[in-house]
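Structural features, examined
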Amino acid sequence: MELSTVAAAVASAAARPHGPFSSPRAVSVSVSWNSPSLASTSRCLSTPSRRRLRRRLPVTSAAVELREAAAGGGDSLRVTETPQPGSSVKFSVEVPTSIIHDCYQTTLQEYSKRFKVPGFRPGKIIPENILINYVGPQHVQDATIEAILKHTLPQALSSVEERALEDSVRILTQFDDMRNSFSLDDVFRYDVAVDVVPEVRWLSEDKYKNLKVVVEIDEAVDAEKAAEKELQRRHKALGLLRVVADRGLQIGDLVVLDIFAESINSDGSKGEKISSAESTGFHLDTEETNNLVPGFLGSLIGIRPGEARSFPIQFPESFEQESLRGVHAQFTVVCKELFYRELPEMGDSLAVKLLPGCTTIDEVRERILERCKEVEKTAIEQATDNAILDQLGKLVEVDVPRALFQEQGQQLYGAKLLQLQAERKLDKDQLASLSTQRSVQAYLEDEKENITRIIKQMLAIGDVFKSENLQYSTEQLIKEVENSIAEFKRYNQDYDEDNIRQQVQDVLEAAKVLEWLKENCTVEYIRR
């Protein structure tokens, strides 16, 4: 399995923790508010996400002490759990007055250490009413609410501690509602939700046993045909172009065209210009027609230099450009220049020009075929892997959690940007514009089905890996981690080594599972 995408998985930075008496809007580590006005849920593409499928929830030292005090006889929280869609759990929490008072006193003690109140020397006890008036009653209340949340969240969520997805905790109760209902003498209530590791439910009793996979192999993958096409291409490259003066276009020629197109309305009237289908000085090799709209070349046979032809064509429903699928169009084409190729005779004397180092045409054919067989083998292996993964995804049901969807989508988008950068298709300004939160969210919405499919495949692979007790070597893990880090450094990308290690482990697991499945399932190959 290809491991290059590991280095390309650039995802979001986790929110930084804040102190217990900072602004109430930055309420807790790894917690997001269910309102854009209360906390930032935005993500950038600068550093990798640190979420894992299984990761303990962050627990502050103060929270540990509070849990111990409660266990030693103090009042306990009252927590009601309610399963939610998307592998999420909602917790309705009631905090007793004893904990509220503890947090309130801790807040006052912290403020008395931080602020120098006029008339009181450092270390002197400041009367409560004076301290509150100096700091401000609202600030004290807000900081107390924040302290309550930080102190009680780990205990409230302890039942899912081993299953919770990191950075998925979100407080559902609005902060203003907490502020309005707060009292030192009454129970404090709030709702919080967290995403958990989703359950993988296999649709059949056999699970992945007796798996049958059909792999469709495209004709272009055929080594024999590909080798012949490559030899023809090299032969054509050695030919000379001659101007055609006494006839029209025929197969084998190369023609220069000006192409104009406009849509045809349902009533037969002219529609709008189709700019994406137009071109000036378009070079068409009549032997390379794979990307042409069906019927386009046939409508041009016999056209002469200076001649213009107009003809209707309907774009097929399978056309690559989605906006043109099924569109009826009227094409007007002007032939600017027409050439034929004068090819040298195919003989051993041409071998060295066709492929340096060769002395005979047979040697050229053999070496080209050898290379095409390597490509064919790789393509078939990749097609087999894809077919198995696709089938695995169809065999399971998974209620995909929001946190996992966001992380996987951001990693795929980061990989896409890194690939474009590696291919030098993006400059810094373009990369910055595509790294905005709006661009990321647009990608997540457009690719929702694909991202969900990949997550289902990933979770199914993990289940097979565990069930079959598969393993990979430590040496292999170290090597791939080093390769991935080198890729990040090559493109000056920030990275987190722990995150890369986790992603490499996922890829190695997938490779082992695919290897095992290919040995233990039925694979049928069909050429099309």
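Residues numbered from 1 in each chain as written. Predicted model: local features only at pLDDT ≥ 70, side-chain atom pairs only at ≥ 80, totals over all residues. Heavy atoms only, no water.

1. Some words on the overall build of the protein
Broken down by element type, the protein carries 15 helices and 15 strands. Across the 528 residues that make up the protein, the buried fraction comes to 41%. Accessible surface computed for the protein: about 29600 Å², of which carbon and sulfur atoms make up 47%. (Helix = DSSP H or I, 4+ residues; strand = E, 2+ residues; numbered from the N terminus. Buried < 20%, exposed > 50% of the residue type's maximum accessible area, 1.4 Å probe, protein only. Areas by Shrake-Rupley, 256 points an atom, 1.4 Å probe, with all protein chains shown as cover.)

2. A short note on the confidence of the model for the protein
Reading predicted coordinates in detail is not appropriate for stretches of low pLDDT. Scored by pLDDT, the protein has a mean of 82; 86% of the residues are at 70 or more. Low confidence marks residues 1–73, where pLDDT is under 50. Its contacts with residues over four positions away, or in another chain, come to 186 contacts. (pLDDT = per-residue confidence, 0-100. Contact = heavy atoms within 4.5 Å.)

3. Quick word on unusual backbone geometry
The phi dihedral of K207 falls on the positive side, at around 55°, and the residue is not glycine. For K207, the location among the structural elements is in the loop between β6 (201–202) and β7 (212–217). Phi is positive for N210, close to 55°, though the residue is something other than glycine. Summarising the element assignment, N210 is placed in the loop between β6 and β7.

4. A closer look at helix α7 (residues 223–237)
The end-to-end C-alpha distance of α7 is 21 Å, a good match for the 21 Å that 15 residues give at a rise of 1.5 Å each. If you check which residues of α7 are buried, you get A223, A227, L231, H235 and K236. Of the surrounding elements, those touching the buried residues of α7 are β11 (279–285), β13 (328–342), α8 (351–354) and α9 (361–394). For α7, the N-terminal cap is D222; the gap from its side-chain oxygen to the backbone nitrogen of E224 is 2.9 Å. (Expected span 1.5 Å × (residues − 1). Polar contact = N/O pair within 3.5 Å; in protein donor to acceptor, adjacent residues only side chain to side chain.)

5. Thoughts on the pattern of salt bridges
Scanning all chains against the criterion turns up 26 salt bridges. A salt bridge links K150 to E146; the nearest nitrogen and oxygen atoms lie 3.8 Å apart. Of this pair, K150 and E146 are both found in helix α5 (residues 137–156), four residues apart, which corresponds to roughly one turn of the helix. For K150, a relative accessible area of 12% corresponds to the buried category. E146 gets classed as buried once you look at its relative accessible area, which sits at 0%. Of the charged contacts in the structure, one is a salt bridge between K336 and D258, with a shortest N-O distance of 3.8 Å. With K336 in strand β13 and D258 in strand β9 (residues 254–264), the pair connects residues that are 78 residues apart, well separated along the chain. The partly exposed category is assigned to K336, whose relative accessible area is 45%. Using a relative accessible area of 11% as the deciding quantity, one classes D258 as buried. (Salt bridge = Lys/Arg side-chain N within 4 Å of Asp/Glu carboxyl O.)

6. Observations concerning the packing of aromatic side chains
Applying the stated criterion to the full structure yields 12 aromatic pairs. Summarising the aromatic geometry, the rings of F296 and F311 are spaced 5.8 Å apart at their centres and angled 65° between planes, so their arrangement reads as edge-to-face. Of this pair, F296 sits in the loop between β11 and β12 (308–314) while F311 sits in strand β12; the two residues are 15 residues apart in sequence, bridging distant segments of the chain. The exposure class assigned to F296 is buried, which follows from its relative accessible area of 5%. (Phe/Tyr/Trp six-rings, centres within 6.5 Å; stacked < 30°, edge-to-face > 60°.)

7. Some remarks on the nonpolar core
Ranked by size, the top nonpolar core spans 43 residues in total, and within it W202 and L517 carry the most contacts. Looking at this core, the elements that each hand over two or more residues are β7, α9, α10 (402–422), α12 (437–446), α13 (448–467) and α15 (497–520). Here the element with the most residues in this core is α13; it accounts for seven residues. Leave out the neighbours within four places in its chain, and W202 touches K207, Y208, L392, L395, V396, A460, D463 and V464. Formed by 27 residues, the second largest nonpolar core is a distinct cluster that contains V95, A164, F188 and Y190. (Core = buried A, V, L, I, M, F, W, Y, C linked by side-chain atoms within 4.5 Å.)

8. Comments concerning the pairing of strand β2 (residues 78–84)
One ladder, built from seven bridges, connects β2 with strand β3 (residues 88–95); its direction is antiparallel. Of the residues in β3, the one forming a bridge with T82 is K90. Turn length for the β2-β3 hairpin, with the two strands adjacent in sequence and antiparallel, is three residues, and the turn residue G86 shows positive phi of about 75°. (Pairing = 2+ DSSP bridges.)

9. Some words on a negative patch on the surface
Taken together, the side chains of D348, D362, E366 and E370 make up a negatively charged region of the molecular surface. Residue placement: D348 occurs in the loop between β13 and α8. For D348, a relative accessible area of 45% corresponds to the partly exposed category. (Patch = residues over 30% accessible without salt bridge, like charges linked within 9 Å, V, L, I, M, F, W, Y side chains within 5 Å. Lys, Arg positive; Asp, Glu negative; His and termini not counted. Charge placed at Lys NZ, Arg CZ, Asp CG, Glu CD.)

10. Looking at the packing of α13 against α15
Closest axis-to-axis distance for the α13/α15 pair is 9 Å, and the angle between their directions is 70°. If you check the angle between α13 and α15, you find them roughly perpendicular. The interaxial crossing formed by α13 with α15 has left-handed handedness. For the pair α13 and α15, the contacting residues are I461, G462, V464 and F465 in the first and E509, A510, K512 and V513 in the second. (Axes fitted to C-alpha atoms, helices over the stretch in contact; angles between N-to-C directions. Parallel < 35°, antiparallel > 145°, perpendicular 65-115°, else oblique. Left-handed = near helix turned anticlockwise from the far one by under 90°.)

11. Considering the side chain of D496
Relative to the helices and strands, D496 resides in the loop between α14 (474–490) and α15. A distance of 3.0 Å separates a polar atom in the side chain of D496 from the backbone nitrogen of D498.

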